[in-house]
Amino acid sequence: MINVAIDGPVGAGKSSVARECARRIGFIYVDTGALYRSCALFCLRNGIDISPDNENAIAAALEERLELKLDRIDGEQHVYVNGEDVSDDIRTLKVSKAASDISALPSVRKYLLSLQRSIAAENNVIMDGRDIGTVILPNADLKIFITAKPEIRAKRRYDELVAKGQNVTLGEVLVEVNRRDYNDTHRKEAPLKQAEDAILIDTSELSFEETVSGLTELIMSR
Ligand code: DC
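Quick caveat: nothing in here was measured; it's all calculated off a predicted structure.

Visitor: Any chance you could explain the pairing of strand β1 (residues 3–7) here in plain terms?
Guide: Within a regular beta strand, the side chains point alternately toward one face of the sheet and then the other, so they alternate between its two faces. Counting buried positions over the five residues of β1 gives five, a clear majority of the element. Burial along β1 is two-sided: the face carrying N3, A5 and D7 and the face carrying V4 and I6 are both buried. Across five bridges, β1 lies against strand β6 (residues 125–129) in parallel orientation. Paired with I6 across the two strands is D128, which belongs to β6.

This is how it looks when you write it as structure tokens:
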């Protein structure tokens, strides 16, 4: 199986670029952020406090009460929490914040590790996340780190949320982007960082098409 690992901060364009590349080359696109978001949603819905002090209870609840599944409908990833498709419900600012918090907990990362590895072992994948090249797939065939300036990433995220009808300001989204950048890069467990053997792509000045075709060429050249 061929495994491509894509990591980078929120709003760098990773997921849309990875999804389109995967479609062009016939790979499966795996958005691992959806897994952390689903764990967070599960806790929010069940009144489970997401704080480091409550890590043991969170880990037990995930192990015992959460069945998490990824599936594909018309090539699009869908994520299921105990059989319910939550693909849309996990895309709110509230869940984004909770996902960033829950992803700092080592036992949550451990809980999600084997699911991610087993998908990669069975499929040609482009897997997108924060620690794919560093922790989940250290032997990936190709590792990419995609980034862009924070203001540009916030604007992209803002446009996405507004398009979904959410009532947010650009200022709020920039604060949230900076907060998540800080959390994601400063956590002790599997912090967001570029793998030594990853290729850096800064999309600040690149169009979507330029990024996709550049990345597709890189993958095909391997
Ligand atoms: O990519 P995203 O915005 O959907 O990710 C949601 C949160 O999950 C993000 O704050 C960081 C975390 N995450 C992670 O720690 N590791 C991953 N592989 C993917 C996401």
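Visitor: Please explain the pattern of salt bridges as it appears in this structure.
Guide: Oppositely charged side chains can pair when the atoms bearing their charge come close. For the structure on display, the rule yields 19 salt bridges. The closest approach of N and O atoms between R130 and D184, which form a salt bridge, is 3.2 Å. Remark: D184 occurs in helix α8 (residues 170–186) and R130 occurs in the loop between β6 and α6 (132–136); sequence separation between them is 54 residues. Overall, the relative accessible area of 15% leaves R130 in the buried class. One salt bridge in this structure joins R157 and E160, with 3.5 Å as the shortest N-O distance. Highlighted residues: R157 and E160, both in helix α7 (residues 150–163), separated by three residues, approximately one helical turn. By relative accessible area, R157 is classed as buried at 18%. The partly exposed category is assigned to E160, whose relative accessible area is 40%. Here the residues in one salt-bridge network are E20, R23, R24 and E209, joined through shared partners.

Visitor: What is the right way to look at the side chain of E20 in this model?
Guide: On the secondary structure map, E20 appears in helix α1 (residues 14–25). Residue E20 is classed as buried on the basis of its relative accessible area, which comes to 15%. Only 2.9 Å separates the side chain of E20 from the side chain of R23, close enough to count as a polar contact.

Visitor: So what exactly am I meant to see when it comes to the site of the ligand here?
Guide: Near the ligand, the surroundings consist of 17 residues, among which R37, R109, R130, R180 and R187 are the closest. Separating an oxygen atom of the ligand from a side-chain N or O atom of R109 is a distance of 2.8 Å. In this structure, an oxygen atom belonging to the ligand sits 2.9 Å away from a side-chain N or O atom of R187. In isolation the ligand has 450 Å² of accessible area, and contact with the protein removes 97% of it. At the level of elements, α2 (33–45), α4 (93–102) and α8 are the ones that each hand at least two residues to the shell around the ligand. Broken down by class, the residue content of the shell around the ligand amounts to three nonpolar, five polar and nine charged.

What counts and what doesn't
Residues numbered from 1 in each chain as written. Predicted model: local features only at pLDDT ≥ 70, side-chain atom pairs only at ≥ 80, totals over all residues. Heavy atoms only, no water. Buried < 20%, exposed > 50% of the residue type's maximum accessible area, 1.4 Å probe, protein only. Helix = DSSP H or I, 4+ residues; strand = E, 2+ residues; numbered from the N terminus. Pairing = 2+ DSSP bridges. Salt bridge = Lys/Arg side-chain N within 4 Å of Asp/Glu carboxyl O. Polar contact = N/O pair within 3.5 Å; in protein donor to acceptor, adjacent residues only side chain to side chain. Near = heavy atom within 4 Å. Areas by Shrake-Rupley, 256 points an atom, 1.4 Å probe, with all protein chains shown as cover. Nonpolar A, V, L, I, M, F, W, Y, C, P; charged D, E, K, R; others polar.

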